[in-house]
Amino acid sequence: MAGSKEIRTKIKSVENTRKITKAMEMVAASKMRKAQERMRHARPYAEKIRNVAAHLSHAHSEYKHPFIVKRDQVANVGLIVVTSDKGLCGGLNTNVLRMAINQMKSWESEKRGVAVTAIGNKGLGFMGRVGANVKSHVISLGDAPHMEKLIGPIKVMLDAYIAGEIDQLHICYTRFINTMKQEPVIEQLLPVTGEQLGSATGYWDYIYEPEAPEVINELMVRYIESLVFHAVAENMASEQSARMVAMKSASDNAKNVIGELKLVYNKARQAAITKEISEIVGGAAAV
């Protein structure tokens, strides 16, 4: 019965694994609802400030913020990569990192330098392994994004843009579509153009109080920070949804494996019993 004992050990091991994946599925489902609610609350503000920035790009103001001015040549590009801190969420991080590395290779083929800001432990580790130029990073965001943790790494990129070290700034993250579908996207943050944001060209003008530079400077920084915060919120909602689906799939697979192992165990046990009966009958017949 050594074979049967080994099979019983395997069944017990898979059952323990299934308990873990089932618990993780339930935890992810609970966190997913909170993450989706947080993401939906962030969307209206992000859309409104996006519209304001688009209108501002068409305004005929005497003061033009550096974030609005399009540069003639793009020699260096900045990329903010948003990933999760933990794994076990299916292909979520793999898909976004694949898109990011393909875009980086495309820029490098055009002789453009690439600077990276990594948000999330998985992205930071990947960029370190591929030898990317990581300018700043932030990890251990927890279950909810906090703006005070994101401001520092974002400011590094904004300062680099103002100083002319980079000529464009992009962000790569996973957009939440629904519980079963999330898609990786790359969006341009800087420079800001009305056409890029979907605003029709036209004449726009504003009256600023106190002064245009002070108001516009504050607005544009807040605009970039809000979009990055929204991207992180979208990515967290996608992470919990992907983890719930992955853990459910793992639990279902474990259930199927347990069923197959039990069938093999029953066959092995039946064969052993049949063999013992045959030996007893053969011994009785010999006597």
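For the structure itself, consult the block above.
Residues numbered from 1 in each chain as written. Predicted model: local features only at pLDDT ≥ 70, side-chain atom pairs only at ≥ 80, totals over all residues. Heavy atoms only, no water.

**Structural notes on the sheet that holds strand β4 (residues 168-178)**
At step 1: Judged by pairing direction, the sheet is mixed, and its five strands sit side by side in the order β3-β2-β1-β4-β5 without closing on themselves. Looking at which strands have only one partner, the edges of the open sheet turn out to be β3 (133-138) and β5 (181-190). Direction aside, the axes of adjacent strands within the sheet are offset by 25° on average.
At step 2: Examined bridge by bridge, strand β1 (residues 76-82) and β4 share five bridges and lie parallel to one another. What sits directly across from Val-81, in β4, is Cys-172.
At step 3: Strand contacts of helix α4 (residues 147-162): β1, β2 (113-119), β3, β4 and β5, with the helix running at about 150° to β3, the strand carrying the most contacts. (Pairing = 2+ DSSP bridges. Helix = DSSP H or I, 4+ residues; strand = E, 2+ residues; numbered from the N terminus. Axes fitted to C-alpha atoms, helices over the stretch in contact; angles between N-to-C directions. Contact = heavy atoms within 4.5 Å.)

**Brief notes about the nonpolar core**
At step 1: Counting 38 residues, the largest nonpolar core has Ile-119, Leu-189, Leu-190, Ile-224 and Val-228 as its most contacted members.
At step 2: When contributions to this core are tallied by element, the ones reaching two or more residues are α1 (2-58), β1, β2, α4, β4, β5 and α5 (212-286).
At step 3: A per-element tally of this core places α5 first, with ten residues.
At step 4: Grouped together as the second largest cluster of nonpolar side chains are 14 residues, Val-96, Ala-100, Ile-101 and Trp-107 included. (Core = buried A, V, L, I, M, F, W, Y, C linked by side-chain atoms within 4.5 Å. Buried < 20%, exposed > 50% of the residue type's maximum accessible area, 1.4 Å probe, protein only.)

**Some thoughts on the layout of surface pockets**
At step 1: A volume near 380 Å³ is recorded for the largest pocket.
At step 2: The wall of the largest pocket is formed by 24 residues, among which Lys-86, Asp-143, Glu-239, Gln-240 and Arg-243 lie closest to the centre.
At step 3: For the lining of the largest pocket, the elements supplying multiple residues, two or more each, are α1 and α5.
At step 4: The greatest single-element share of the lining of the largest pocket, amounting to six residues, is contributed by α5. (1 Å grid on protein atoms, 1.4 Å probe; cavity = no way out; pocket = protein on both sides within 12 Å on 5 of 7 lines; lining within 4 Å. Points joined across faces, edges and corners; volume = space filled by probe spheres on them.)

**Things to note about empty space enclosed by the protein**
At step 1: Enumeration over the complete set of coordinates arrives at one cavity of 30 Å³ or more.
At step 2: Of the volumes computed, that of the largest cavity is approximately 50 Å³.
At step 3: As for the largest cavity, its lining consists of Arg-50, Ile-171, Tyr-173, Glu-187, Leu-189, Leu-227, His-230 and Ala-231.
At step 4: When residues of the lining of the largest cavity are traced back to their parent elements, those giving at least two are β4, β5 and α5.
At step 5: The element contributing the most residues to the lining of the largest cavity is α5, with three residues.

**Let's talk about the side chain of Glu-225**
At step 1: Inspection of the secondary structure assignment puts Glu-225 in helix α5.
At step 2: An unpaired buried charge is present at Glu-225: no salt bridge exists, and Arg-222, the closest side chain of opposite charge, is 4.3 Å distant.
At step 3: Here Glu-225 is in contact with Met-147, Ile-151 and Ile-154, once residues within four sequence places are set aside. (Lys, Arg positive; Asp, Glu negative; His and termini not counted. Salt bridge = Lys/Arg side-chain N within 4 Å of Asp/Glu carboxyl O.)

**Details of unusual backbone geometry**
What is expected of a backbone is that most residues other than glycine have negative phi and most peptide bonds are trans.
At step 1: Each neighbour pair has its own omega, and for Leu-190 with Pro-191 the value is -5°, a cis peptide bond.
At step 2: On the secondary structure map, Pro-191 appears in the loop between β5 and α5.
At step 3: A positive phi angle, close to 65°, is found at Lys-111, a residue other than glycine.
At step 4: On the secondary structure map, Lys-111 appears in the loop between α2 (92-109) and β2.
At step 5: Residue Ser-140 is not a glycine yet carries a positive backbone phi of 55°.
At step 6: For Ser-140, the location among the structural elements is in the loop between β3 and α4.

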